[in-house]
Amino acid sequence: QVQLVQSGGGLVQAGGSLRLSCVVSGRTFSVYAMGWFRQAPGKEREFVATISRTGGRTAYADFVKGRFTISRDNAKNTVYLQMNSLKPEDTAVYYCAADLTWDIQYYTTTVDEYDYWGQGTQVTVSS
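First things first, this report covers the structure right here in the doc. (Residues numbered from 1 in each chain as written. Predicted model: local features only at pLDDT ≥ 70, side-chain atom pairs only at ≥ 80, totals over all residues. Heavy atoms only, no water.)

### Examining the environment of Asp62
Along the chain, the position of Asp62 falls in the loop between β6 (58-60) and β7 (68-73). For Asp62, a relative accessible area of 63% translates into the label exposed. In sequence terms Asp62 and Phe47 are 15 residues apart; their C-alpha atoms lie 9.9 Å from each other. For Asp62, the side chain forms a polar contact with the side chain of Lys65, separated by 3.1 Å. (Helix = DSSP H or I, 4+ residues; strand = E, 2+ residues; numbered from the N terminus. Buried < 20%, exposed > 50% of the residue type's maximum accessible area, 1.4 Å probe, protein only. Polar contact = N/O pair within 3.5 Å; in protein donor to acceptor, adjacent residues only side chain to side chain.)

### Description of the sheet that holds strand β8 (residues 78-83)
One open sheet holds the four strands; their spatial order is β1-β3-β8-β7, and the pairing between them is antiparallel. Two strands lie at the open edges of the sheet, namely β1 (3-7) and β7, each paired on one side alone. Strand-to-strand twist of the sheet, defined as the mean angle between neighbouring strand axes without regard to direction, takes the value 15 degrees. (Pairing = 2+ DSSP bridges. Axes fitted to C-alpha atoms, helices over the stretch in contact; angles between N-to-C directions.)

### Focus: unusual backbone geometry
Of note, Asn77 is a non-glycine position whose phi angle comes to about 55 degrees, a positive value. Structurally, Asn77 can be placed in the loop between β7 and β8. With phi around 50 degrees, Ser85 is a residue other than glycine that occupies positive phi space. Among the structural elements, Ser85 can be located in the loop between β8 and β9 (92-100). Classification of Ser85 as partly exposed rests on a relative accessible area of 40%.

### Side note on the pattern of salt bridges
All told, the structure shown has four salt bridges when counted by the stated rule. Residue Lys65 pairs with Asp62 through a salt bridge whose shortest N-O separation is 3.1 Å. Accessibility expressed as a relative area gives 49% for Lys65, which makes it partly exposed. Residues joined in a network through salt bridges with shared partners are Arg38, Glu46, Arg67 and Asp90. (Salt bridge = Lys/Arg side-chain N within 4 Å of Asp/Glu carboxyl O.)

### A closer look at the packing of aromatic side chains
The full count for this structure, using the stated rule, is six aromatic pairs. Measuring from ring centre to ring centre gives 5.1 Å for Phe37 and Trp117, while their planes differ by 55 degrees; the resulting arrangement is tilted. Taken together, the positions of Phe37 in strand β4 (residues 32-39) and Trp117 in strand β10 (residues 116-117) put the pair 80 residues apart, joining distant regions of the chain. Take Phe37: its relative accessible area is 0%, and that puts it in the buried class. Ring pairs connect the aromatic residues Phe37, Phe47, Tyr95, Tyr114 and Trp117, which therefore count as one cluster. Sitting above the plane of the Phe29 ring, Arg72 keeps its charged end 4.3 Å from the centroid. (Phe/Tyr/Trp six-rings, centres within 6.5 Å; stacked < 30°, edge-to-face > 60°. Lys NZ or Arg CZ within 6 Å of the ring centre and 35° of its normal.)

Right under this line is the structure:
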C-alpha cells in the first residue's frame, strides 16, 4: 500500500520561510511524478507545484513563482517544498500527491490525475 507522510509546516510570520517534506513508501518512489497542492478554508484545492519523476522538469502556479521551490530526492523517497517570502494569503492546508506515470518527463497540474495523497499539513502565515 502506498503511503505519503508529510512533515513540516506550522506558524510563521510574513516574509519567513518553511520547508515541507513528503516521504513516499510502498512502491518505488521514482515511478511517480509528484505535486503539491493547497486548500484554504472555503476554497477548492489548488495546484502549487509539480515535478517530474527524475526532477528534470518542474512547474509552478503563478502566485508562487520565484518564492517556492519543489525538489525531490529519489534516494530518500522524498519530495520537498521550500517556501520563502511567505505571505498571509499562503495560509492553507498543504498536500503532497503522487501520480503514477511511465513517462519520466511527465508532470501534471490537475488534481484529478493524482493517485495518492498525503495527510495534509497546516501552514499559517501571520501578518
